[in-house]
Amino acid sequence: MSQASVLNSHGLGASTPCAFTCGSDVSRSRCGTPGGVTMGDVLAHESELLGLVKEQELLAAFEGGDQKVFFRLWEEHVPGAVRDEDALVQKLEFYLHIHFAIHPLKRGAGRPDKRELDERISYFRSFLETRGTALSQTTEFLPFYALPFVPDPRAHPSFKELFQDSWTPELKLKLEKFLALIFKASNTPKLLTIYKENGRHNKETLQRLHQQLVEAERRSMTYLKRYNKIQADYHNLIGVTAELVDSLEATVSGKMITPEYLQSVCVRLFSNQMRQSLAHSVDFTRPGTASTMLRASLAPEKLQDVPLLPSLDYEKLKKDLIWGSDRLKAFLLQALRWRLTTSHPGEQRETVLQAYIGNDLLDCHSRPQRSVLQLLHSKSEVVRQYMARLINAVASLAEGRLYLAQNMQVLRMLEARLKEEDKDVVARENMLGALQKFSLRRPLQTAMIQDGLIFWLIEELREPDCLSDYMLEYAVALLMNLCLRSAGKNMCAKVAGLVLKVLSDLLGHENHEIQPYVNGALYSILSIPSIREEARAMGMEDILRCFIKEGNAEMIRQIEFIVKQLNSEELLDSVLESDDDEDEDEMGWVRGGAEQGGRGCSLSSGPTRPGLPPIPESFPHHLDCLEQLLHPSCPEHPFL
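Since the structure is predicted, the reported quantities are computational estimates derived from the model, not experimental observations.

A word on the packing of aromatic side chains
A full pass over the atoms with the stated rule returns 19 aromatic pairs. An angle of 35 degrees between the planes, with centres 5.5 Å apart, marks the rings of Trp 74 and Phe 178 as tilted. Of this pair, Trp 74 sits in helix 4 (residues 67-77) while Phe 178 sits in helix 9 (residues 167-182); the two residues are 104 residues apart in sequence, bridging distant segments of the chain. Pairing Phe 94 with Tyr 145 gives two aromatic rings, centres 5.7 Å apart and planes at 50 degrees, and the pair type is tilted. Of this pair, Phe 94 sits in helix 6 (residues 87-101) while Tyr 145 sits in the loop between helix 8 (114-129) and helix 9; the two residues are 51 residues apart in sequence, bridging distant segments of the chain. One aromatic cluster is present, built from ring pairs that chain together Phe 94, Tyr 95, Phe 124, Phe 127, Phe 141, Phe 144, Tyr 145, Phe 159 and Trp 167. Here Arg 337 stacks its cationic end above the ring of Tyr 386, 5.6 Å away from the centre of that ring.

Written as structure tokens, this is what we have:
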């Protein structure tokens, strides 16, 4: 229906008296009196009618299955803030994409046009990998992520409701209610609307606030655990005190206190870690022994006085890094790395890192014509290597990763240099190590998946014997992190046969450090039905059971979970979907990049390889040996 016909049908066509001019006496009498129709009324009525026109156009495209026209109008007329922030609108948009994807299948009883259907399914898959990821952790929508991979959705029981006669009319009714609401004349001032729209684009502020919230929540959890421990100790102390009072009362009556009773009371006053050793190694019968140990346990530890390092002239440093000789650049990059990696954990190291960030050492906040980051493209192999080492060291700390994530150019340059670097093995190792740590941050993880890094990793892993242990371990760990996301799994589904062959070959590799990561990647991608079908076709279960016979207890347990996943008939497994169920912005597993707490090693020792905790426990990321090659340590995973 055209705009003119709608206006005519409502009596506002060309023949209608008093449209916008007051040429006749009747017009003047109606528009000029306080009780008549004012210009504001006319404009409000026209706005309502234009909204009705837009609504009719969208509904016509919906009924006709015109996907391109509908979503063009949808993006034009539905405000971006509403589409991005309103959960109900996101759900409606998801179902609308399903409606248009299966429209050729519902149009008639005959076979649909294959070309048209493929085009619509491709459009729907693209939506799932972009805007659709927001609902990938919602149980209601999980089955529909498998829709593009099902040959005939009409015959699949999970999509039975989509082809019922009532499904489309119900969806249309929801659409009509939404359009009626969205096109209703709004009293919101235009300036306020513009202000709100512009505010949406301030992503850096939102990211910074989100990071602060994450840190606050983390501190809150730490304090809560401390509070619970103090409360438990307090209750234990009250119990011991009550028993001692009873014992004192008993001594007044002439009853003696035995050494065994005294020992049991003292052991209860110490922490769990000390109880076992105290019970066998301390003679509580000696006078003063128990009281001396109790007072010693309460004595505060003497903190080591660590001086802060002197400040640097960062402006001159950056100038020399850009314009100095290659020899000077290499020495400066090495010194900056050592300043960070040899500093004492805690306040000193944090001060060093904050100085780097505050002075924008790597030009991540600014976009100068010549930046320090461009040293990754230096003609000097030594400069490229030392620059990669510095970035890898900074990326090993949470605040460092947040700083580097502010500039996507860092990620793009690392990806490009990693693929181009063929002379310096150490430089490649550090670039890959930095990317693996970048994969903890959701935006960078998304970018790496979109850049096709999974395909590059698979190609590299086809010949694992050509890779160093460091490259092999970090490549598999990075692949596993990217496979946690639904977008990463869908990338693997495009080359399912190759991915499965590479991972099955790696299961038998002599480097046993990679086994948990190979297992994790396999378990994750097997949540995709099409990959499961490919795995069954190539006899993956028989391959896995061969390793059950040869592996240790932990390996056997992990493979049994993979076999269970392989034989599952569920459309998607939500256990490892990391798109939305992570409270923190950092997600996935880090090798060798450590935070406070957890197992690790001193900066002077060699790299550690912690054991694997049982399913489904997890433990924090670690800060391992920065000055070593930042060797892998175990990340979070149901297997790890």
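Thoughts on the confidence of the model for the protein
Taken residue by residue, the protein gives an average pLDDT of 75. The fraction at 70 or more is 71%. Counting contacts from residues 1-35, a segment whose pLDDT is below 50, to residues more than four positions away or on other chains yields 33 contacts. Taken together, the stretch residues 593-640 has pLDDT below 50 and engages in 159 contacts with residues farther than four places along the chain or on a different chain.

As for a negative patch on the surface
A cluster of acidic residues, Glu 463, Asp 465, Asp 469 and Glu 510, forms a negative patch at the surface. Here Asp 469 shows up in helix 24 (residues 469-482). With relative accessibility at 48%, the residue Asp 469 sits in the partly exposed group.

The rules we used
Position numbers for residues count from 1 along each chain, tracking the sequence in the order it is written. In keeping with the model being predicted, local features are shown solely for residues with a pLDDT of at least 70 and side-chain atom pairs are shown and tallied solely at 80 or more, while totals for entire chains, interfaces and linings include all residues. With hydrogens and water excluded, all non-hydrogen atoms of the structure serve as input to the side-chain values. To pair, rings of Phe, Tyr and Trp, with the six-membered ring standing in for Trp, must have centres within 6.5 Å; the planes then decide the type, stacked if under 30 degrees apart, edge-to-face if over 60, and tilted in the middle. Each helix is a run of H or I in the DSSP string that is no shorter than four residues. Each strand is a run of E no shorter than two, and both are numbered from the N terminus. The rule for a charge over a ring is simple: NZ of Lys or CZ of Arg within 6 Å of the ring centre, and within 35 degrees of the ring normal. The predictor attaches a confidence to each residue, called pLDDT, with possible values from 0 through 100. Contact between two residues is taken to exist if any of their heavy atoms lie within 4.5 Å; hydrogens are not considered. In this analysis, a patch consists of residues with relative accessible area above 30% that form no salt bridge, clustered at 9 Å for like charges and at 5 Å for the nonpolar side chains Val, Leu, Ile, Met, Phe, Trp and Tyr. Using the Shrake-Rupley algorithm and a 1.4 Å probe, accessible areas are obtained, with residue cover drawn only from the displayed protein chains. Throughout this description, the term salt bridge denotes a Lys or Arg side-chain nitrogen within 4 Å of a carboxyl oxygen of Asp or Glu. As used throughout, the charge tally considers Lys and Arg to be positive and Asp and Glu to be negative, leaving His and the chain termini uncounted. Note on charges: their place is set at NZ of Lys, CZ of Arg, CG of Asp or CD of Glu. Accessibility here uses a 1.4 Å probe with only protein chains present; expressed as a share of the type maximum, an area under 20% marks a residue as buried, one over 50% as exposed, and anything in between as partly exposed.

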